Amino acid sequence: MVTKKLLLVDGSSYLYRAFHALPDMRNSAGEPTSAIYGVLNMLRRLKKDIAADYSACVFDAKGKTFRDDWYPEYKARRPSMPDDLARQIEPLHNAIRAMGWPLLMIDGVEADDVIGTLVKMAEAEDMHSIVSTGDKDMAQLVNDHVTLVNTMTNETLDEAGVLIKFGIPPARIVDYLTLVGDAVDNVPGVDKVGPKTAVKWLTEYGTLDNLIAHAGQVKGAVGDNLRRALDWLPTGRKLITIRTDVPLPVGVHELLMDAPDKTALGALYTHYEFKSWLRDLDNGTSFPPAPVIVDMFASDAPPAAPAPHHYDTLLTQAQLDTWLTRLMAAALVCVDTETTSLDPLQARIVGMSFAIEPHHAAYLPLAHVGPDAPQQLDRDSVLAQLKPWLEDATRAKLGQNLKYDMHVLANHGIQLAGVAHDTLLQSYVVESHQSRNMDSLALRHLGVTTITYAEVAGKGAGQIGFEQVDVARATEYAAEDADVTLQLHHSMYPRIAADAKLDYVYRQLEIPVLSILWIIERNGVLLDVKLLDAQSRELGQKMLALEQQAHTAAGQPFNLNSPKQIQEILFTQLGLPIIKKTPGGVPSTDEDVLTQLALDYPLPKLLLEYRGLAKLKSTYTDKLPRMVNPATGRVHTSYSQAVAVTGRLSSSDPNLQNIPVKTAEGRRIREAFIAPPGSHIVSADYSQIELRIMAHLSNDASLLKAFAEDADIHSATAAEIFGMPQQEIGPEQRRVAKTINFGLIYGMSAFGLASQLGIDRAAAQSYIDRYFARYPGVANYMQRTREQAREQGYVETVFGRRLWLPEIRSANKQRRDGAERAAINAPMQGTAADLIKLAMIAVQGWLERERLHSRLIMQVHDELVLEVPDAELERVRDALPGLMCDVTQLAVPLKVGLGVGLNWEAAH
C-alpha cells in the first residue's frame, strides 16, 4: 500500500520571512508586493516539487489565543505589523485560494496548533506529513510520520536531522525550548541558559521533569538561575507545547487542491505586475499588459537549489602550493581572514580563506589551538609566501568589508593591494535601505542560509575564540564565507555595471574611499590626555554645583539621574504642566519636554545643563583617554562606510561626528585633539554645502545669484523674506532666515519653525509662504522631488547615488510624510557626502603624488582634518581649497573654509 502524503504550509512563518528577506518590491502604483511574491513563489515551488495527496496553507487568525489567557505577556514585545505588510495579507489570501490551495485560519489558536492537530490526524491514518515552515518550534512534531522542510533555505529535518541540528531528539524539543526560552514570543527560559547548556542538561538528566527533580544538584550560578525558574518552567512548557487536539471544521481528506481560478489569478497577477506568472497562465484570457516593476530586484525566477560545494583545508605545503598557483593565475580572488578579535588594530590572523570560482573554496588554518587541533603550517612562513600576491596591485581581490582585513594584514606587516570589489559596498550602492550582513545578503540574493558565527563559536559568556574552533568546522564556516561572498559578487555587481550612475558611485567613490579610510584609521589622532583629565575634573565640579542649585530649586535633595524622582518633583510637587507622556502613561522627562519647560521654569533648565555636562564627561573626557592605543599613543576611530543611507560616513570607538560644538565645554574637548611637536592641525570645511547643493538642484534664480555674488546667504534670504535692503538686516532677522534656510532642507513644518523661533504657527507659516514666493525654484524642486520619490521609490544625488525610501508609499500618513521630508533632504545630504568623498580622494592622491608627510587624520561631516609638518604647512594650506573645490562643477561655486592651529578647536 502506497503511503499518502499530507503537505502543510506554515503561511504565517513564511509571511514575515518573505517580507523582510526580499527587497522592497512594489507595483507601479506603489503598492508593496514582496510578501505576496515571496509566499506565492514558495507555494508554486512546493506544488511543483512535492506530489501530495492532500494540502493546506495555514495562517494565524486575528485576535488573541488561549495562550494569551494563560500568560498575558505572551508575544507582548512583538512590534506591531508594518503597514506595508498588513496591506498584503488580504490579497495574498485571495491569491492562495485562487491558486487552489485550501486555506485555514482557526480563531483562538495559532497556525502551529492547527498544523499539529492535522499531522496527528494524518498519523492516525498512517499518512506521512510534510510541514513546510521556518519555525524551529515545529521540530517537536517530527517523528517517523512527520518531516519538516524549510523552502526558503532548502533544509529538511527528519528525526536524525533534528538530532544533528539541535543535539537532542524531537521528543525533547519542548523541554529544550522551555529551558532556552523564546524571545520572539516573549516566553522566558532559564536566565543565561543557551542551547549548549540546555543540551548538556537534557543529555545528562534525560527530561526536563528529571532535571527539575534534581535541580538542587546543578552547581554554579546557572544552577541558581535554574532553581529561581522552577515555578515558571511548567507555564513556559505549556506555552511552547503545540496543541494536537484542536477542533477543526475539516478533516484531512477534505484538504484537496482545487483547479486554479485563472481569471482571478490573472487579475491579481496583472494588478501586482507578476509578469512571468501572468504569461504562465496562458489560458487565452485577455489581460491588460503589465507595466514594468519599479524595483530592480524583482524577479519571477524561483531561487535555484543549492549547488554542492567542495571546501579544501590547507594543512600541507603541497596543498598551499596548489592554491598559490591558482591565486596567481586567477582574474579575481575572494579573500577573507579569521581572527582573534573584532578590534581591527588588535586582531591577529587565525586563518585565511580563498575562493576563485563559486562552490569551491579553501580554508588555510594557521593558529588553531587545542588538544584536537591538527598540525598547521607556520603562520609567519605562510604569510611571507602570500605577501607578494597580497601586495600586488595587479592581482584583483574581492571581499566583504575588506577594510577590516586590510587592518588585520597590516598588523602582520602586509599592505593589501589590488582591492577591486567589496560586496558590502556593492549592497550599499544598490540597496542602501537593506541590511548588509553576510547572512542577510546570502538569504536575500542567493536563497542560502549561511553558517553563523554563533553556530561555530557559541555566544554570550560561553563563546570561544575562533582559534579554539574545530578546524573541520572552521573550514565549513570560513570557506563558506569566501564562497558566498564570491557568489554575491556575481549576483550584485552585474546590476551595478549595467547602470552607469551606480557604477560611477561604486567604482569612482566607494572603492577608492575604502582604502583612504583605512589610511585615516591607521593614522589615528594624537590626544592631550592630561588636558582631558583636567576637563573631567572641571566638569565634575560644575555638575556638583548644578546639583546643589537643582536641590535648592526643588526644595529638597533628589537624584538628578532618576527620571522617576524628577517626574515626581516636576509634576507632582511643583505642579509643572505635563507636555507629553511615555508609552507607559507617565509624564515624560525627556530632553524635548525639559527644553520646553526650561523656557518658563528654572529647574528644567538646570537639569538640561546637568545632563549635557554629564554626557560630555562620560562620553568624552572620561572615556577618550581610555581609548588611546598603547602601541601608537593615539586614538583610532573606525569609520563605517555603509551605514547611513545618505552616503555619509559614521564614526565609532570613538565617535568623532557627535562631539558637541554649540557649547563652550563641548568645543573645549576638541582642544585635546592635538598636533605633535613640529606640526599643525589643518581643517578644511566646505562652506554651507547643503544650501549650495539646494541652489544647484532647484536652479532657483535668487539662490544662484546670491551664491554667485558670494553674498551672506542668510542675510540675502532675510532681505527677500522681509522685503528690506540687505544692509538693513539685523541679527534677529538673519536668525529667522538662517533657521528657515536650514529648516526647509530638513522639511521643517510651520509647527517646527514656530518651535525653533519661539513664535506662533501663523507667523511661522507666513515666513515659509514668503520664502517660497521669493524662491519659487525651491518650492518646485520640493514638489518635483516628492513626485519622483513616489513614482520611483527612490531619489538620487547629483552623482547618481540611489537613496531608497521604503515608506514613501506607506498607508500611514506620519511615515509617508517622514519619507517625503527625507526625499527632499536626501539628495542634498547625499550629494554633500559624495563631495567630501571626492575631496578625500583628491587630497589623498595629491599627498601621495607629492610624497608629502602630511596626512589625513579625520573626516567629520563636511570637514577634512590633516596633521601637517610645519615644513609643509604653506604648500598644504595653498593647495587644499583648490583640490576640494575642483572635484566637480555645480551651478554655484564651491567654497572651502581653512583653519590652522596647534589643536582641532584652534584650527576649526
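Residues numbered from 1 in each chain as written. Predicted model: local features only at pLDDT ≥ 70, side-chain atom pairs only at ≥ 80, totals over all residues. Heavy atoms only, no water.

Asks: Give a description of the overall build of the protein chain that names residues and reports values.
Replies: In terms of helices and strands, the protein chain carries 36 helices and 23 strands. Against the globule reference of 29 Å for 908 residues, the protein chain gives a C-alpha radius of gyration of 31 Å, in line with a compact fold. In terms of its C-alpha atoms, the protein chain occupies a principal-axis envelope of roughly 95 × 70 × 70 Å. In the protein chain, buried positions account for 52% of the 908 residues. In the protein chain, the proportion of contacts linking residues at least 24 apart, taken out of those at least 6 apart, comes to 67%. Summed over all atoms, the accessible surface of the protein chain reaches about 39,800 Å², with 52% contributed by carbon and sulfur. The protein chain carries 90 positive and 111 negative side-chain charges, and their two centres are separated by 3 Å. (Helix = DSSP H or I, 4+ residues; strand = E, 2+ residues; numbered from the N terminus. Rg over C-alpha atoms; globule rule 2.2 N^0.38 Å. Buried < 20%, exposed > 50% of the residue type's maximum accessible area, 1.4 Å probe, protein only. Contact = heavy atoms within 4.5 Å. Areas by Shrake-Rupley, 256 points an atom, 1.4 Å probe, with all protein chains shown as cover. Lys, Arg positive; Asp, Glu negative; His and termini not counted. Charge placed at Lys NZ, Arg CZ, Asp CG, Glu CD.)

Asks: Can you break down the nonpolar core residue by residue, with the values?
Replies: Counting 151 residues, the largest nonpolar core has Phe354, Phe673 and Met858 as its most contacted members. No other element matches the 12 residues that helix H21 (residues 500-523) contributes to this core. Among the nonpolar cores identified, the runner-up in size contains 54 residues, and Tyr74, Leu118, Val199 and Leu233 belong to it. (Core = buried A, V, L, I, M, F, W, Y, C linked by side-chain atoms within 4.5 Å.)

Asks: Please set out the pattern of salt bridges residue by residue, giving values where relevant.
Replies: Summed over the entire model, instances satisfying the criterion amount to 39 salt bridges. Taking the shortest distance from any N to any O, the salt bridge between Asp862 and Arg648 comes out at 2.9 Å. You can see Asp862 sitting in the loop between strand E21 (855-860) and strand E22 (863-869) and its partner Arg648 sitting in the loop between strand E15 (638-640) and strand E16 (650-652), a full 214 residues away along the chain. Taken as a pair, Asp862 and Arg648 share a single burial class, namely buried. (Salt bridge = Lys/Arg side-chain N within 4 Å of Asp/Glu carboxyl O.)

Asks: So what's going on with the sheet that holds strand E6 (residues 155-157)? Which residues, and what values?
Replies: Spatial strand order, E3-E2-E1-E4-E5-E6: six strands in an open sheet with mixed pairing. Since the sheet does not close on itself, it has two edges, and those belong to strand E3 (103-104) and E6, each with one partner. Relative to E3, strand E2 (residues 54-58) runs parallel, the two being bridged by two bridges. Among the inter-strand pairings, Val58 is bridged to a residue of E3, identified as Leu104. (Pairing = 2+ DSSP bridges.)

Asks: Describe unusual backbone geometry, listing the residues and the values that go with them.
Replies: A cis amide bond links Asp653 with the next residue in sequence, Pro654, at an omega value of 0°. The residue Lys192 is not glycine, and still its phi comes out positive at about 70°. Among the structural elements, Lys192 can be located in the loop between helix H7 (173-180) and helix H8 (195-205). The class for Lys192 is exposed, based on a relative accessible area of 68%. Phi angles above zero are rare outside glycine, and Asn699 is one such case at about 55°. Structurally, Asn699 is set in the loop between helix H27 (689-698) and helix H28 (701-708).

Asks: Quick one: what's the story with the environment of Gln859, residue by residue and with numbers?
Replies: Position of Gln859 among the secondary structure elements: in strand E21. Of the residues examined, Gln859 reaches a relative accessible area of 2% and is grouped as buried. In this structure, the C-alpha to C-alpha distance between Gln859 and Asp405, residues 454 residues apart in sequence, is 21 Å. If near-sequence neighbours (up to four positions away) are discounted, Gln859 is found in contact with Tyr639, Leu649, Gln657, Ile836, Met840 and Leu864. Reaching out from Gln859, the side chain makes a polar contact with the backbone oxygen of His861 at a distance of 2.5 Å. (Polar contact = N/O pair within 3.5 Å; in protein donor to acceptor, adjacent residues only side chain to side chain.)

Asks: Residue-level account of H8, with values.
Replies: Listed as buried for H8 are Ala198, Val199, Trp201, Leu202 and Tyr205. For H8, the angular spread of the buried residues around the axis is 165°, confining them to a single face. Residues of H8 that are exposed and point more than 90 degrees away from the buried face comprise Lys196, Lys200, Thr203 and Glu204. Packed against the buried residues of H8 are helix H6 (159-166), H7, helix H9 (208-213) and helix H10 (220-228). Phi for Gly206, located one or two positions after H8, is positive at around 90°. (Arc of directions from axis to C-beta.)

Asks: Hey, could you go over the pairing of strand E8 (residues 332-339) for me, with residue numbers and the actual values?
Replies: Counting buried positions over the eight residues of E8 gives eight, a clear majority of the element. Side chains Leu332, Cys334, Asp336 and Glu338 of E8 all project onto a buried face; the interleaved residues Val333, Val335, Thr337 and Thr339 project onto the opposite face, where all are buried too. For E8 and strand E11 (residues 396-399), the ladder comprises three bridges, and the chain directions are parallel. When the sheet's bridge partners are listed, Leu332 is paired in E11 with Ala396. Relative to strand E9 (residues 349-357), E8 is paired through six bridges, and the arrangement is antiparallel. Across the sheet, the residue bridging to Cys334 is Ala355, located in E9.

Asks: Please give an account of the packing of aromatic side chains that cites residues and values.
Replies: Tallied over the full model, the rule gives 20 aromatic pairs. With a centroid separation of 5.7 Å and an interplanar angle of 75°, the aromatic rings of Phe166 and Tyr176 are classed as edge-to-face. In this pair, Phe166 sits in helix H6 while Tyr176 sits in helix H7, placing the two residues 10 residues apart along the sequence. Note on Phe166: relative accessible area 10%, which makes it buried. Between the aromatic rings of Tyr269 and Phe274, the centroid separation amounts to 6.3 Å while the plane-to-plane angle is 70°, which identifies the pairing as edge-to-face. Across this residue pair, the class does not change: Tyr269 and Phe274 are buried. Members of the aromatic cluster, joined through ring pairs, are Tyr37, Tyr269, Phe274 and Trp277. Its guanidinium or amino end placed over the ring of Phe66, Arg243 lies 5.0 Å from that ring's centre, counting from NZ or CZ. (Phe/Tyr/Trp six-rings, centres within 6.5 Å; stacked < 30°, edge-to-face > 60°. Lys NZ or Arg CZ within 6 Å of the ring centre and 35° of its normal.)

Asks: Quick rundown of the pairing of E22? Include the residues and the values.
Replies: Taken across its seven residues, E22 has six buried, putting it largely inside the fold. Alignment of strand E18 (residues 679-686) against E22, held across seven bridges, turns out to be antiparallel. By the bridge assignment, Ala684 is partnered in E22 with Leu864. Here five bridges tie E21 to E22, and the two strands are oriented antiparallel to one another. Residue Leu856 lies in a different strand from E22, and its bridge partner there is Leu866. Hairpin geometry of E21 and E22 is characterised by an intervening segment of two residues between the two adjacent antiparallel strands and by a positive phi of about 55° at His861.

Asks: So what's going on with the side chain of Ser588? Residues and values would help.
Replies: For Ser588, the location among the structural elements is in the loop between helix H23 (563-573) and helix H24 (591-597). Residue classification places Ser588 among the buried positions, given a relative accessible area of 6%. In terms of polar contacts, Ser588 uses its side chain to reach the backbone amide nitrogen of Asp590, at 3.2 Å. Look past the residues within four positions of Ser588 in its chain and what remains in contact with it is Phe571, Lys580, Lys581, Thr582 and Val593.

Asks: Quick one: what's the story with the confidence of the model for the protein chain, residue by residue and with numbers?
Replies: For the protein chain, the mean per-residue pLDDT works out to 89, and 96% of the residues sit at or above 70. When the criterion is pLDDT under 50, residues 284-306 qualifies, and its contacts beyond four places in sequence or with other chains add up to 54 contacts. (pLDDT = per-residue confidence, 0-100.)

Asks: Just give me the short version of the packing of helix H30 (residues 731-745) against helix H32 (residues 761-774), but keep the residues and values in it.
Replies: Their axes nearest at 11 Å, the elements H30 and H32 cross at an angle of 75°. Taken together, the axis directions place H30 and H32 in an arrangement best described as roughly perpendicular. Along its contact with H30, which presents Val736, Ile740, Asn741 and Leu744, the element H32 presents Tyr767, Tyr771 and Phe772. Classifying every residue of the contact of H30 with H32 gives six nonpolar, one polar and no charged. (Axes fitted to C-alpha atoms, helices over the stretch in contact; angles between N-to-C directions. Parallel < 35°, antiparallel > 145°, perpendicular 65-115°, else oblique. Nonpolar A, V, L, I, M, F, W, Y, C, P; charged D, E, K, R; others polar.)

Asks: Run through the packing of H27 against H28, naming residues and quoting values.
Replies: Running from amino to carboxyl end, H27 crosses H28 at an angle of 135°, the nearest separation of the two axes being 8 Å. In this view, H27 runs oblique relative to H28, as classed from their interaxial angle. In the crossing of H27 with H28, the sense of the turn from one axis to the other is left-handed. Judged by residue contacts, Leu691, Arg692, Met694, Ala695 and Ser698 of H27 engage Leu703, Leu704 and Phe707 from H28. (Left-handed = near helix turned anticlockwise from the far one by under 90°.)

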